[in-house]
Amino acid sequence: PTAHIQRFINETCWERWSVSLEQSHLTLIWTVIISAFSLGGLFGALLAGPMAVRFGRKGALLLNNIFLFSSALFALTSLTARSFEMIILARLLVGINAGVSMNVQPMYFGESAPKHLRGAVTFSSAVFTAFGIMLGQVVGLIEVLGSDSCWPYLLASNALPGLFQVLTLPWFPESPRFLLIDKGDKEGCSQALRRLRGCSVSEEEMEEILQEQELAAGAQARSLWGLLSDRNLWRQLRIVMAASSAMMLCGNDSIYFYASYIFQEAGIPTGKIQYITIGTGACELTASIMCNLLIERTGRRRLLMGGYAMMSGWAVVFTMALCLQGKVPGMPYLSMLCIFAYILSFGMGPAGVTGVLPAELFDQMARPAAYMVAGSLMWLNLLLVGMAFPFIVVNLGQFCFLPFCGICVLACLFMYWNLPETKGRSLAEITAEFDKRGSAEAKGSEGRLLAEITAEFDKHGSAEAKGSEGWPLAEIT
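Procedures and definitions
Residues numbered from 1 in each chain as written. Predicted model: local features only at pLDDT ≥ 70, side-chain atom pairs only at ≥ 80, totals over all residues. Heavy atoms only, no water. 1 Å grid on protein atoms, 1.4 Å probe; cavity = no way out; pocket = protein on both sides within 12 Å on 5 of 7 lines; lining within 4 Å. Points joined across faces, edges and corners; volume = space filled by probe spheres on them. Helix = DSSP H or I, 4+ residues; strand = E, 2+ residues; numbered from the N terminus. Nonpolar A, V, L, I, M, F, W, Y, C, P; charged D, E, K, R; others polar. Core = buried A, V, L, I, M, F, W, Y, C linked by side-chain atoms within 4.5 Å. Buried < 20%, exposed > 50% of the residue type's maximum accessible area, 1.4 Å probe, protein only. Phe/Tyr/Trp six-rings, centres within 6.5 Å; stacked < 30°, edge-to-face > 60°. Expected span 1.5 Å × (residues − 1). Arc of directions from axis to C-beta. Axes fitted to C-alpha atoms, helices over the stretch in contact; angles between N-to-C directions. Parallel < 35°, antiparallel > 145°, perpendicular 65-115°, else oblique. Patch = residues over 30% accessible without salt bridge, like charges linked within 9 Å, V, L, I, M, F, W, Y side chains within 5 Å. Areas by Shrake-Rupley, 256 points an atom, 1.4 Å probe, with all protein chains shown as cover. Salt bridge = Lys/Arg side-chain N within 4 Å of Asp/Glu carboxyl O.

### Some words on empty space enclosed by the protein
Inspection of the entire model under this criterion finds three cavities of 30 Å³ or more. Roughly 90 Å³ of volume is contained in the largest cavity. If you go around the largest cavity, the residues you meet are Gly110, Glu111, Arg118, Arg177, Glu208, Glu212, Ala359, Glu360, Arg367 and Leu427. Looking at the lining of the largest cavity, the elements that each hand over two or more residues are helix H3 (85–112), helix H9 (203–215) and helix H16 (350–361). The residue inventory of the lining of the largest cavity, partitioned by class, reads two nonpolar, one polar and seven charged.

See the structure below:
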């Protein structure tokens, strides 16, 4: 409904000030409307941690719907009120809702799932995100809600999933780990586990949660600054920061933007492009479902590395196809294939595995702050790419996807060198793996020098003992 909303903005300005906006001014207002969502997502990501700690995971998700319903109200009444500012506010509020839910929901799933299904359950958040993208494309068709008279209802339609959540989520239990570790409610934790599992509580699972509670005994949930200043968690934090940044800098959102141009070049009639575009959302949904089925078999590390490796390959092929477009027959169709393959590769790994990492790499006290860091970087980088991509296209032309190729290659290499496999492992085992890697790094750099210095002191000490107080002391030593 872009054209309809832009027309409404222009009409509103004419009614108020008898001024018809120039294209540059209209583009500026439209950019603010688009960017308000990412800015709201950043605010939401910063709110997610404190809300999850204060109100619990389930309570935070339920309260978060206040932002969603407020957004729907502003969107619905913006046309009647003749106010495009209300659209900006609606986009900001729905962005806050997205920022909170995209961080608290994987946290809730990860803390509620059994160890052997933790990845698949947490990854289901990405599956339904992809489903939401495709559903948004469907209801945005001109024949559904994308018409001139229905676009306010389209912007407000995301209140329907929120309503469904408000009606169903209260019947589900709170996160068992939150109940036991944060609240000290062992009975509540047992009841939550029984309801979630549908059977008696496994002693092994309860022991694992009790072990984590013992490690966090007396500790308070970490603040953002507390997490950033803890050197023991820097390795985990580095991985989460890199994965969250790469997920948004890899160019998947930009490929959606570029899709319409490629479909036009392939000779698809303009009126039909909106239907072909639904295929891009269907691709990501299909890939997410496949990845959800594979994550507990293949593991997180391989899926992340494989996804970025395939994306970098398809980015090179896409660049070649753009360079040869108009010179070699069939290149637009190869470009279309690259678009779908790029989105499939993104959905097979980075789209969902990235959200699983904070739930598995951090303990109960650090997890909310870790999701704050991850979410903030995701939304910041989404805003950065959204603002920079048009300039990248203008300056690089058909080579505009080579920077994204570089990001994907770097992300793949970084995960290869830094990310241990977390599939089916408890938090204690994962933490031990990081400690092992940390000690190996120290041994490889500072530790070797320290060992040599210590040996030298021992040598001098032995000589002194031998030369002064004699052999008995040396033997005793």
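Read on for the rest.
### A word on the nonpolar core
One finds Leu227, Tyr308, Phe318 and Phe362 to be the most contacted residues of the largest nonpolar core, which totals 77 residues. Ranked by residue count, the leading element in this core is helix H17 (residues 367–396), at nine residues.

### Looking at the packing of aromatic side chains
In the structure shown here, the tally under the stated rule is 11 aromatic pairs. Between Phe37 and Trp379, the ring centres sit 5.3 Å apart and the planes meet at 75°, which makes this aromatic pair edge-to-face. Taken as a pair, Phe37 in helix H2 (residues 23–81) and Trp379 in helix H17 lie far apart in primary sequence, 342 residues in all. Owing to a relative accessible area of 5%, Trp379 belongs among the buried residues under this scheme. Taking 6.4 Å as the distance between ring centres and 75° as the angle between the ring planes, the aromatic pair formed by Tyr342 and Phe401 counts as edge-to-face. Taken together, the residues span a long stretch of sequence, with Tyr342 in helix H15 (residues 331–347) and Phe401 in the loop between H17 and helix H18 (402–418) at a distance of 59 residues. Like Tyr342, the residue Phe401 is buried in the burial classification. Here a set of aromatic residues connected by ring pairs shows up, and it is made of Phe318, Tyr342, Phe389, Phe401 and Phe404.

### Structural notes on H9
Over its 13 residues, H9 extends 18 Å from the first C-alpha to the last, a length consistent with the 18 Å expected when each residue adds 1.5 Å. Regarding H9, the residues found buried are Glu205, Met206, Glu208, Ile209 and Glu212. Take H9 and look down its axis: the buried residues cluster within an arc of 155°, on one side only. Turned more than 90 degrees away from the buried face of H9 sit Glu203, Glu204, Glu207, Glu214 and Leu215, all of them exposed.

### What to know about the layout of surface pockets
Computed from the structure, the second largest pocket encloses a volume of approximately 360 Å³. Taken together, 18 residues line the second largest pocket, and the ones lying closest to its centre are Leu215, Arg222, Leu233, Asp363 and Thr431. Contributions of two or more residues to the lining of the second largest pocket are made by H9 and helix H19 (427–467). When residues of the lining of the second largest pocket are assigned to their parent elements, the largest contribution, four residues, is made by H19. Considering only residue class, the lining of the second largest pocket consists of nine nonpolar, four polar and five charged.

### Observations regarding helix H11 (residues 234–249)
Compared with the 22 Å implied by 1.5 Å per residue over 16 residues, the 22 Å span of H11 between its first and last C-alpha is a close match. Taken together, the buried positions of H11 are Gln236, Leu237, Ile239, Val240, Ala243, Ser244, Ser245, Ala246, Met247 and Met248. One or two steps after H11, the chain reaches Gly251, where phi turns positive at roughly 95°.

### Digging into the packing of helix H4 (residues 118–139) against helix H13 (residues 270–298)
Close contact between H4 and H13 brings their axes to 8 Å; oriented N to C, the two are set at 170°. The pairing of H4 with H13 is recorded here as roughly antiparallel in orientation. Among the residues making up the contact of H4 with H13, the classes are represented as 15 nonpolar, eight polar and three charged.

### Describing a nonpolar patch on the surface
Among the surface-exposed residues, Phe69, Leu160, Leu163, Val166 and Leu167 lie close enough to one another that they form a single nonpolar patch of about 450 Å² accessible area. Here the element with the most residues in the nonpolar patch is helix H6 (residues 159–168); it accounts for four residues. The exposure class of Leu167 is exposed, given its relative accessible area of 57%.

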